[in-house]
Amino acid sequence: MLVETKARVGVFSIALGAYLPQFPSLVPEFEVQYESFKKMIPDTVEVIDGGLVTTKEQSQAAGNKFRAADVDIVIMQLLTYATSYNMLPAVKDLDVPVVLVNIQKLKSLDYVHTDIASWLGEGYACGAVGEMVADLERFGKRHAVITGVAEGGDPEVQIQIKEWCRAAQVRRRFRDTNIAQIGRPYPGMMDLYIDESNLYRRMHLYTKQFDWEKMWAIADNVTDEKAIRIKAQEILDTFNIEEGGNIEEMREMAKYVIAFEQWVKDEKLGLIASHYDGYAQGKAGVLDSMLIPAFSMLIKQGTACAVEGDMKVAMAMSIMKTISGTGQLAEMYSIDFNDDIAIIGHSGSGDADISAKKPTMKIVKVFHGKTGGGYLTQFYPYTGPVTYLAITQNGEGYFKFVVAEGVNEEGPILSFGDTNMRTRFTCGAREFMNRWSECGPTHHFAAATGRHINTILKVAHIFNIPVDIVTR
């Protein structure tokens, strides 16, 4: 399931105003091209239309609209040659990438019969791209270029635009929601620790802190029996429960799921990182025992839920869920040196959308490395392409993405209740382990079905974050 947060995309086109009185046929030509271009923007985003810009004043007006809307990126169509003043007033006060879309109308000009107006209108989109980039560089603006052709359609252009819009959705998701931390990170996992003000500064995410004492009582007011039974059935529909299960057995868990769903809405949460390190008795023990499947139900709806208080992996999971529809918590589990395969997975909440078959839920006496026991959930990720994303920081607090693509293969997996998968990398499992570790990621990362490095690179561009590509 893809999250529903809509990015705000500033869109405009530019052309040189001096051409228009000289060649009046260009006006309707450009209007038609601009309308066709806007149809290439997916309806998953909100378009902030800056119009067809041919003067500095029009560019300033477009910039005013973009600033007022707090756009996540700007996508600009080059219709023909234009000077920098057509572009810069619209973007100079924004801190988002400017994507220059250089779409030529015709695949090739009729060299014998093309006049100046036809050349400027149908075959000269490429003339100003270098100039635009040069001035964006001088203004310290991030940028990207997409070149293609309108005649006959151009799937590559459409893919690039879609990826940019999906990447922009991550920024909007982070700006419009909050991240909750319940409790604190797992003691001693210093790679997980984070400066909340730095997180807000660089990733736009505001942290809301919650104590477990409040969470224990979160379901006390859930009394609607019909709603409880419906939610219990939804849990049964989501999981195969070891040794069976029924609505009555799932009733308490359903109450907590309902309560957490309302809590997420009330607090405007898009991400949650939690860790419980108590005595796991009384109401605390009840909630702790069922927290993994309860949070899995939230992940199913698009809210990233990370264990061990890891806010950075919660971000990675949210990014993956936003751009691909799947976002599973993972870490290195083992290496099968006989098959040259990395075994990758994690104990805890998971994403049903990444599972090729119905996930299982089982009861264990001990949560290894933690207090208490209760329900574990195991998901079964699809075979085929898979992408991994870790988010880490350097000593100065700057974030970095670490990414890799591999292929999940059939074969034996561990069956004690934790999600795990067999991933083959082009560089081999041993070399992958060396390269991945040398990048300094946190020990947690997110997994998503499919190949998504290209879109992740765009997300990083939007947040102005470096990326280490381990293998693809």
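Just so it is clear, the model here is predicted, and its values are computed rather than measured.

The rules behind these values
Residues numbered from 1 in each chain as written. Predicted model: local features only at pLDDT ≥ 70, side-chain atom pairs only at ≥ 80, totals over all residues. Heavy atoms only, no water. Helix = DSSP H or I, 4+ residues; strand = E, 2+ residues; numbered from the N terminus. Rg over C-alpha atoms; globule rule 2.2 N^0.38 Å. Buried < 20%, exposed > 50% of the residue type's maximum accessible area, 1.4 Å probe, protein only. Salt bridge = Lys/Arg side-chain N within 4 Å of Asp/Glu carboxyl O. Pairing = 2+ DSSP bridges. Contact = heavy atoms within 4.5 Å. Axes fitted to C-alpha atoms, helices over the stretch in contact; angles between N-to-C directions. Phe/Tyr/Trp six-rings, centres within 6.5 Å; stacked < 30°, edge-to-face > 60°.

A. Quick peek at the overall build of the chain. Check the secondary structure of the chain and you find 15 helices and 19 strands. Its C-alpha atoms give the chain a radius of gyration of 25 Å, near enough to 23 Å, the size a compact globule of 472 residues would have. Dimensions along the principal axes, computed over C-alpha positions, put the chain at roughly 80 × 55 × 40 Å. A burial count over the chain gives 58% of its 472 residues as buried.

B. Region of interest: the pattern of salt bridges. For the structure on display, the rule yields 31 salt bridges. A salt bridge links Lys-92 to Asp-93, with the shortest nitrogen-to-oxygen separation between them at 3.4 Å. Lys-92 gets classed as partly exposed once you look at its relative accessible area, which sits at 39%. Classification of Asp-93 by relative accessible area gives partly exposed; the value is 47%. One salt bridge connects Glu-409 with Arg-424, and the closest N-O pair in it is separated by 2.6 Å. Separated by 15 residues along the polypeptide, Glu-409 in strand E16 (residues 399-409) and Arg-424 in strand E17 (residues 419-424) bring together distant segments of the chain. What you see here is one network of salt bridges that share partners, running through Asp-70, Asp-72, Arg-171, Arg-172, Arg-175 and Asp-176.

C. Region of interest: the sheet that holds strand E14 (residues 374-378). Across the sheet, 3 strands lie side by side as E8-E13-E14; this open sheet has mixed pairing. Each edge of the sheet is formed by a strand with only one pairing partner; in this case those strands are strand E8 (240-241) and E14. As defined by bridge partners, E8 adjoins strand E13 (residues 360-364) across 2 bridges and the pair is classed as parallel. Bridge pairing in E13 places Asn-240 opposite Thr-360. Docked against the sheet, helix H12 (residues 282-300) engages E13 and E14, running at close to 35° with respect to E14.

D. Local environment of the environment of Glu-156. Turning to its location among the elements, Glu-156 is positioned in helix H7 (residues 155-176). Given a relative accessible area of 43%, Glu-156 falls into the partly exposed group. With 17 residues separating them in the primary sequence, Glu-156 and Phe-139 have C-alpha atoms 29 Å apart.

E. Representation of the sheet that holds strand E1 (residues 8-14). Taking strand neighbours across the sheet as the criterion, the 5 strands line up as E2-E1-E3-E4-E5 in an open arrangement whose pairing is parallel. The open sheet has two free edges, formed respectively by strand E2 (46-53) and strand E5 (143-149), since each of these has just one partner strand. With direction set aside, neighbouring strand axes in the sheet form an average angle of 20°. Pairing of E1 with E2, which is carried by 7 bridges, proceeds in the parallel orientation. The residue bridging Gly-10 from the neighbouring strand is Ile-48, located in E2. Where helix H3 (residues 56-69) meets the sheet, it contacts E1, E2 and strand E3 (73-78), and its direction lies at approximately 170° from that of E2. Packed on one face of the sheet, H7 meets E1, E3, strand E4 (98-104) and E5 and runs near 150° to E5.

F. Molecular detail of the packing of aromatic side chains. Summed over the entire model, instances satisfying the criterion amount to 16 aromatic pairs. The interplanar angle of 80° and the centroid separation of 6.4 Å between the aromatic rings of Trp-216 and Tyr-276 together place this pair among those described as edge-to-face. With Trp-216 in helix H9 (residues 212-216) and Tyr-276 in the loop between strand E9 (269-275) and H12, this pair connects stretches of sequence that are 60 residues apart. Every member of this aromatic cluster is reached through a ring pair, and the members are Tyr-388, Phe-425, Phe-432, Trp-436 and Phe-445.

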